[in-house]
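Each chain, letter by letter, is given below.
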Amino acid sequence: MDAAIGKVFDSVSDFFSGAASASADEFPLCDSDIISGCEKELAEAQDEGRKKECIMRLSWALVHSKMPGDIQRGIAMLEALVVNDTSAMKLREKLYLLALGYYRSGDFSRSRDCIERCLEVEPEWGQAQTLKKAIEDRIVKDGVIGVGIAVTAVGLVAGIAAAIIRS
């Protein structure tokens, strides 16, 4: 358990330092043991500074979870945190995590909005640029699939109309 939490701390540390730069399909995932460890750590935190660190680690773990419900919890936590943040660097991190949460939950429009706000704070941040490209690629892919479905539907309706007219 301690080794798993250690891996989360290393991943979170790499994230905040900018050292981690995975492609969009290689975002790290967290399991329920790691999330439970972060929740326990938050419950045991005594001072406000430590609680804020624990909340960030927990929100990181939640948006990296394999479970959609955890991702939604992470999004809710981050939405509440973004409202009250005045530090540009911390805002950047929270917006990135929020964008990632929306991306992983399939809300690509909101994800794009958050990552664009993040890049306003830190335009050269590689991780945010990578996520933005993944979001844009996904929006294009979904658009192409939507067009394909629409064209197929039109073709089907035209075929049925032609068959009715012939008979």
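Residues numbered from 1 in each chain as written. Predicted model: local features only at pLDDT ≥ 70, side-chain atom pairs only at ≥ 80, totals over all residues. Heavy atoms only, no water.

**Description of the packing of helix α4 (residues 68-83) against helix α5 (residues 88-105)**
Defined as follows: Lines fitted to C-alpha atoms define the axes here, with helix axes fitted over just the stretch in contact, and angles between the N-to-C directions of these axes take values from 0 to 180 degrees. Helix numbers and strand numbers start at the N terminus; a helix is a DSSP run of H or I with at least 4 residues, a strand a run of E with at least 2. The scheme is simple: roughly parallel for angles under 35 degrees, roughly antiparallel for over 145, roughly perpendicular for 65 to 115, oblique for anything else. Each crossing gets its handedness from the near helix: less than a right angle anticlockwise from the far helix is left-handed, clockwise is right-handed. A contact between two residues is defined here by any heavy atoms of the two lying within 4.5 Å. Each residue receives one of three labels: charged for Asp, Glu, Lys and Arg, nonpolar for Ala, Val, Leu, Ile, Met, Phe, Trp, Tyr, Cys and Pro, and polar for the others, Gly being one of them.
Between α4 and α5, the least distance of the axes is 9 Å, while the angle of their chain directions is 150°. Between α4 and α5, the interaxial angle falls into the category roughly antiparallel. Here α4 and α5 pass one another in a crossing that is left-handed. For the pair formed by α4 and α5, the contact residues are Ile71, Gln72, Ile75, Leu78, Glu79, Leu81 and Val82 on the first element and Leu91, Lys94, Leu95, Leu97, Leu98, Gly101, Tyr102, Arg104 and Ser105 on the second. The class makeup of the residues in the contact of α4 with α5 is 10 nonpolar, three polar and three charged.

**Things to note about the side chain of Arg57**
Under the convention used in this document: Here's how the labels work: a residue is buried when its accessible area is under 20% of the maximum for its type, exposed when over 50%, partly exposed in between, all with a 1.4 Å probe on protein chains only. Here a polar contact is taken to be a pair of N or O atoms separated by no more than 3.5 Å, where protein atoms must pair a possible hydrogen donor with a possible acceptor and residues adjacent in sequence count only if both atoms sit in side chains.
Here Arg57 shows up in helix α3 (residues 48-63). Judged by its relative accessible area of 13%, Arg57 is buried. There is a polar contact of 3.1 Å between the side chain of Arg57 and the side chain of Glu41.

**Points about the confidence of the model for the chain**
Definition in use: Across the chain, each position has a pLDDT score giving the predictor's confidence in that residue, from 0 to 100.
Summary statistics for the chain give a mean pLDDT of 81 and a share of 74% for residues scoring 70 or more. No element of the chain has a lower mean pLDDT than helix α1 (residues 2-17), at 51, and none a higher one than helix α6 (residues 108-121), at 94. Within the model, the stretch residues 15-24 combines pLDDT values under 50 with 21 contacts to residues more than four positions away or in other chains.

**As for the environment of Phe27**
Within the secondary structure, Phe27 is located in the loop between α1 and α2 (32-44). A relative accessible area of 12% places Phe27 in the buried class. Residues Phe27 and Leu100 lie 73 residues apart in sequence; the distance between their C-alpha atoms is 9.0 Å. Each residue touching Phe27, except ones within four places of it in the same chain, is listed here: Tyr96, Leu100, Tyr103 and Leu131.

**Some thoughts on the packing of aromatic side chains**
For clarity, the cut-off: Aromatic contacts are taken between Phe, Tyr and Trp rings whose centres are within 6.5 Å, Trp giving its six-membered ring; a plane angle under 30 degrees counts as stacked, one over 60 as edge-to-face, and the others as tilted.
Enumeration over the complete set of coordinates arrives at two aromatic pairs. Where Tyr96 meets Trp125, the ring centres are 5.0 Å apart and the plane angle is 50°; that geometry is what we call tilted. Remark: Trp125 occurs in the loop between α6 and α7 (126-166) and Tyr96 occurs in helix α5; sequence separation between them is 29 residues. Each of the two residues, Tyr96 as well as Trp125, counts as buried. Seen in terms of ring centroids, Tyr103 and Phe108 are 5.6 Å apart; in terms of plane orientation they differ by 65°. Their pairing is edge-to-face. Each member of the pair, Tyr103 together with Phe108, is buried.

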